[in-house]
Amino acid sequence: MAVQPKAASGSLYRGREGMWSWVAHRIAGVLIFFFLFAHVLDTALVRVSPEAYNTVIGTYQNPVVAFGEIGLVAAVVFHAYNGIRIILVDTNTWATRNQRRLFWVVVGLWVVTMGPFIWRHLSHVFG
């Protein structure tokens, strides 16, 4: 009877920061892709009918869309900061050993960046 090899006990992911960073990075990337797709379509509308373009752009000027814009900026900012973290982890052994700390640095930078943006954006929307 053959002995089964023992399963690997260590992993970067296992439901911790590395996995959630991976998931959030993919979700942010997909959301950005769909925004860019919609943006290209509504911008292309100007060639078809400038009046239709103005109507579509006019529908974007409401508080619901303003919160969507906050979501878009949040996705772009997280995706950018986390992309830098991924590059560091892929190219630097120190970053690989400290990938959890780097994830929390990304979260901290994201909060520091988004706080002032949200304040300013909402002051323009409701002010």
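These remarks concern the structure in this document. Since we're looking at a predicted model, the values are computed, not measured. (Residues numbered from 1 in each chain as written. Predicted model: local features only at pLDDT ≥ 70, side-chain atom pairs only at ≥ 80, totals over all residues. Heavy atoms only, no water.)

This part is about the overall build of the protein chain. Check the secondary structure of the protein chain and you find 5 helices and 0 strands. Counting only residues that meet the buried cut, the protein chain has 20% of its 127 residues in that class. Within the protein chain, contacts between residues at least 6 apart in sequence are counted, and of these 69% link residues at least 24 apart. Approximately 9400 Å² of the protein chain is accessible, and the part contributed by carbon and sulfur atoms is 71%. (Helix = DSSP H or I, 4+ residues; strand = E, 2+ residues; numbered from the N terminus. Buried < 20%, exposed > 50% of the residue type's maximum accessible area, 1.4 Å probe, protein only. Contact = heavy atoms within 4.5 Å. Areas by Shrake-Rupley, 256 points an atom, 1.4 Å probe, with all protein chains shown as cover.)

Further remarks concern the environment of Phe103. Relative to the assigned elements, Phe103 resides in helix 5 (residues 99–126). Of the residues examined, Phe103 reaches a relative accessible area of 10% and is grouped as buried. Separated by 18 residues in sequence, Phe103 and Arg85 have C-alpha atoms that sit 7.3 Å apart. In this structure Phe103 touches Glu17, Ser21 and Arg85, once residues within four positions along its chain are discounted.

Right, let's get into a nonpolar patch on the surface. A surface patch of nonpolar side chains, amounting to about 540 Å² of accessible area, comprises Val30, Phe33, Phe34, Phe37 and Leu41. Examined against the element boundaries, Leu41 turns out to sit in helix 1 (residues 17–48). (Patch = residues over 30% accessible without salt bridge, like charges linked within 9 Å, V, L, I, M, F, W, Y side chains within 5 Å. Salt bridge = Lys/Arg side-chain N within 4 Å of Asp/Glu carboxyl O.)

The first and last C-alpha atoms of helix 5 sit 39 Å apart over 28 residues, in line with the 40 Å expected at 1.5 Å per residue. What helix 5 keeps buried is the set Gln99, Leu102, Phe103, Val106, Met114 and His121. Considering only its buried residues, helix 5 is in contact with helix 1, helix 3 (63–91) and helix 4 (93–97). (Expected span 1.5 Å × (residues − 1).)

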